[in-house]
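Okay, here's what each chain looks like letter by letter:
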Protein chains: 4
Amino acid sequence: MSKEEKRLEILTAAMRIMHQEGFEGFKMEDIAKEAGVGKGTIYEYFESKNDLFLEMLRFSTEQFITGLENSLATGTDLESKISNLSLFGSKFLSSHLNLVNSNISHLSLPEDSKDQIKRYWEHIYKTIESELAKAIEGGEIKPHIDLKMAASVIIGSLNQYAFKKLYGTGLPPEQIDHQAIARMILQGMQK
Amino acid sequence: MSKEEKRLEILTAAMRIMHQEGFEGFKMEDIAKEAGVGKGTIYEYFESKNDLFLEMLRFSTEQFITGLENSLATGTDLESKISNLSLFGSKFLSSHLNLVNSNISHLSLPEDSKDQIKRYWEHIYKTIESELAKAIEGGEIKPHIDLKMAASVIIGSLNQYAFKKLYGTGLPPEQIDHQAIARMILQGMQK
Amino acid sequence: MSKEEKRLEILTAAMRIMHQEGFEGFKMEDIAKEAGVGKGTIYEYFESKNDLFLEMLRFSTEQFITGLENSLATGTDLESKISNLSLFGSKFLSSHLNLVNSNISHLSLPEDSKDQIKRYWEHIYKTIESELAKAIEGGEIKPHIDLKMAASVIIGSLNQYAFKKLYGTGLPPEQIDHQAIARMILQGMQK
Amino acid sequence: MSKEEKRLEILTAAMRIMHQEGFEGFKMEDIAKEAGVGKGTIYEYFESKNDLFLEMLRFSTEQFITGLENSLATGTDLESKISNLSLFGSKFLSSHLNLVNSNISHLSLPEDSKDQIKRYWEHIYKTIESELAKAIEGGEIKPHIDLKMAASVIIGSLNQYAFKKLYGTGLPPEQIDHQAIARMILQGMQK
DNA sequence: CATGAATGAGCTTTCATTCAT
DNA sequence: GATGAATGAAAGCTCATTCAT
């Protein structure tokens, strides 16, 4: 197993532990056991627990961004893109601990980590906004809308709905009606 | 100061500490100092640190529900109601640590606390859904829409947008364009 | 209730708590509750927890000494005296926590308290020894025996046997064969 | 130093501390210092302070049982066996804190620990009783005597006398007249 | 390199004691 | 006097981190 592979093994083991045990149960010892390595070994690959956590954040966010880009690239029209994103987001939410989402920034992270998170989020927004800009050009959606606002509506709605379905009703990601939520986001609910 | 008042004093001190210091800095000693009481006194009012945390969750959620109900009661039409909710939600988000939101349920809470959180969320959804039902009767919005989905869109969009504005750009709650986000939720972005 | 009565009430409440809960559960709060007084009130009657404990020791030992003297006074011959003592000792053991016995002195008591315990034990020994001396004069037992040793055999045997019966087999004090143990102590087991 | 040796080192350090400082002074920190390890290390070998205490009880009792069996095996006739036991018991009493003896069972131990102690005591009694049974066969002592009672007389007398001598007069174990106490137990004090 | 036993700073929690009412 | 809410010293315990092997 190469150096990089072992690093990844530890990283994903840490993700699994966080997903299963939550914040409290997130112990270096358990991560080591889950990864099948010694406690000390983690420190060969990560400076500290905090560093490991930051790498998880980074890893998780990058995976999310990749999925986001794929979702948008795969779709034909905006509705299908959002629908794709809904499917991907639900899967992501159910398998990873949703480190990506919202209030992590509140956690007392070191300033520079907060900055990195911020940059990631800006990237996510930019990606969606440029997609929306294309949709405006293509005449799919209203011109003059606030792109940031629209991106927020998309992300927020999809996330909230997926969360509600996954944790509220126990539905698996595939059985969520992704098209319907995409349509509601685009068309609104008003008559 | 009555027994109940002191309890509340400790509770809100804990909220302030959590808001300022995040999870890491959430020490019993600091909470005591913030509340102006001795360390041992907290244990007269709360069984353990975990119990205190659960009470914060409950308190916070109840405050949110009250504000939600006020927001909906105050508005005339659905747009103003959502706009009100946006304002309230932003203020709530900026002052409280957003314990209410999303992925808290992932944290390793005892089963019964998870249940309570779930019940709170069901109440929140019910409240919004019944408001939407009235709006359908009043002809304001499309009949036959999925109420849960619509509620998710409202909550998710408002929360995401407020978060973006507050933490992304540092805007104060009052300067967010609540009417615009309400309108986008209702009318969608499609031509 | 007079001052002295209330003091006694607290003292006996403390004895009950110690008997039920053992050393670990011996809390000022519980003693106060058991005695039906406020926590602070205990301090009106006893200087400290340690003082209270010492008074329990004293009270308990004095009660034991009284019972010991009665037992010896009531009997006619030595066998009946020891038999009486066996009955009393068993009752005492089953109702009081046996503070009187053995290894209490090991507990880290202040020097002066250890001295007091020592003096009590000397009194107990003296009482038994003088009884034995009378029995020698009366020709009941061998002359020239070591009185301290004989007293030890009596106390030790009775206590051990009562303990075994009470806690090992759950027998009530009255159903122990006090005469038999008295006879074995006096006559030995050798042919 | 092997795992088992270190465990033993901590255990005996704890015994020394208990012996010197009594119950009150029995602090994890001091035990660690005495054992020459860090505070946390104790928890690598024992689950909790209570667990450590229980292991001390077990260890101590097992040592006592070993000594008891040796004492009985070494002697030729019953008198010398009891005399041996007296010597061993005195040494044991003066070096170990007498965790083995009497009223420990009163201490609020968890039910299963009480059971274990009980089982140990049954073993101790059985051992002595079978020795007495042999002595009956050998014609050394009266047939038909109550074996449990006789065992109680032996244990109780030896323990009480040793305690009196060691703590009352400060005599070292070797200078106690073990033969005399053995003889008195066997022959009684009656003419 | 990899390990996991050892560590102790730092946290939660307990409870005897005080003292304002 | 009597009370019990408040206190904080002191103790048990955890767990990220180190380092000898």
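That block above? That's the structure.
Before going into details, it helps to say that this report is about the structure given with it. (Residues numbered from 1 in each chain as written. Chains lettered and ligands numbered in written order. Predicted model: local features only at pLDDT ≥ 70, side-chain atom pairs only at ≥ 80, totals over all residues. Heavy atoms only, no water.)

### Concerning the interface of chain B and chain A
Moving on, step 1. Contact residues are listed per partner, giving 52 residues for chain B and 52 residues for chain A.
Moving on, step 2. Taken together, the two surfaces of chain B and chain A that pack against each other cover about 5000 Å², and 61% of this comes from carbon and sulfur.
Moving on, step 3. The tally of links from chain B across to chain A stands at zero salt bridges.
Moving on, step 4. Linking chain B with chain A are 13 residue pairs in polar contact (both at pLDDT 80 or more), by the criterion used here.
Moving on, step 5. If you tally residues by element for the side of chain B that touches chain A, the top one is helix H7 (residues 147–169) of chain B, at 15 residues. (Contact = heavy atoms within 4.5 Å. Buried area = accessible area lost by both parts, 1.4 Å probe. Salt bridge = Lys/Arg side-chain N within 4 Å of Asp/Glu carboxyl O. Polar contact = N/O pair within 3.5 Å; in protein donor to acceptor, adjacent residues only side chain to side chain. Helix = DSSP H or I, 4+ residues; strand = E, 2+ residues; numbered from the N terminus.)

### Examining the relation of the copies chain B and chain A
Moving on, step 1. In the superposition of chain B on chain A (RMSD 0.2 Å, axial shift 0.1 Å), the rotation amounts to 180 degrees. The operation mapping one copy onto its partner corresponds to a two-fold rotation axis.
Moving on, step 2. Most of the interface of chain B is mirrored in chain A, where 98% of its interface residues are also at the interface. (Least-squares fit on C-alpha atoms with pLDDT ≥ 70 in both.)

### Some details on the packing of aromatic side chains
Moving on, step 1. For the coordinates displayed, the defined rule picks out 26 aromatic pairs over all chains.
Moving on, step 2. Between phenylalanine 23 of chain A and phenylalanine 23 of chain B the ring centres are 5.7 Å apart and the planes differ by 15 degrees, which places this aromatic pair in the stacked class. One end of the pair, phenylalanine 23 of chain A, is in the loop between helix H1 (3–21) and helix H2 (28–35); the other, phenylalanine 23 of chain B, is in the loop between helix H1 (3–21) and helix H2 (28–35), on a second chain.
Moving on, step 3. Judged by centre distance (6.2 Å) and plane angle (50 degrees), the rings of tryptophan 121 of chain C and tyrosine 125 of chain C are tilted. Residue tryptophan 121 of chain C and its partner tyrosine 125 of chain C are both found in helix H6 (residues 111–137); the two are separated by four residues, about one turn of the helix. The exposure classification of tryptophan 121 of chain C matches that of tyrosine 125 of chain C, with both residues buried.
Moving on, step 4. Among the aromatic residues, those joined into a ring-pair cluster are Phe23 and Phe53 of chain A together with Phe23 and Phe53 of chain B.
Moving on, step 5. Above the ring of tyrosine 45 of chain C, the side-chain terminus of lysine 3 of chain C is found at 5.1 Å from the ring centroid.
Moving on, step 6. Positioned above the aromatic ring of tyrosine 125 of chain C is the side chain of lysine 164 of chain D, whose terminal nitrogen or guanidinium carbon lies 4.1 Å from the ring centre. (Phe/Tyr/Trp six-rings, centres within 6.5 Å; stacked < 30°, edge-to-face > 60°. Buried < 20%, exposed > 50% of the residue type's maximum accessible area, 1.4 Å probe, protein only. Lys NZ or Arg CZ within 6 Å of the ring centre and 35° of its normal.)

### Focus on the relation of the copies chain D and chain C
Moving on, step 1. Placing chain D over chain C gives an RMSD of 0.2 Å and needs a rotation angle of 180 degrees, together with 0.1 Å of translation along the axis.
Moving on, step 2. Mapped onto chain C, 98% of the interface residues of chain D again fall at the interface, so both copies present the same surface.

### Details of the nonpolar core
Moving on, step 1. Judged by nonpolar contacts, the single largest core of 122 residues is most densely connected at Met189 of chain A together with Leu52 and Met189 of chain B.
Moving on, step 2. In this structure leucine 52 of chain B touches Leu11, Ala14, Phe26, Met28, Ile31, Ile42 and Phe46 of chain B, once residues within four positions along its chain are discounted.
Moving on, step 3. Counting residues in each nonpolar core, the second largest holds 121 residues, with Tyr120 and Ile155 of chain C together with Leu166 and Ala182 of chain D among its members. (Core = buried A, V, L, I, M, F, W, Y, C linked by side-chain atoms within 4.5 Å.)

### Side note on the protein's contact with DNA strand E
Moving on, step 1. Taken together, 28 residues sit near DNA strand E, with Thr41 of chain A, Lys49 of chain B together with Lys6, Thr41 and Tyr45 of chain D positioned nearest.
Moving on, step 2. If you look at DNA strand E and keep only atoms within 4 Å of the protein, 69% of those are sugar or phosphate atoms.
Moving on, step 3. The separation between a phosphate oxygen of DNA strand E and a polar side-chain atom of lysine 6 of chain A is 3.5 Å.
Moving on, step 4. For DNA strand E, a phosphate oxygen lies 3.2 Å from a polar atom in the side chain of lysine 27 of chain C.
Moving on, step 5. Going through the elements one at a time, helix H3 (39–45) of chain A, helix H3 (39–45) of chain B, helix H3 (39–45) of chain C together with helix H3 (39–45) of chain D are the ones with two or more residues in the surface near DNA strand E.
Moving on, step 6. Grouping the constituent residues of the surface near DNA strand E by class yields ten nonpolar, eight polar and ten charged. (Near = heavy atom within 4 Å. Nonpolar A, V, L, I, M, F, W, Y, C, P; charged D, E, K, R; others polar.)

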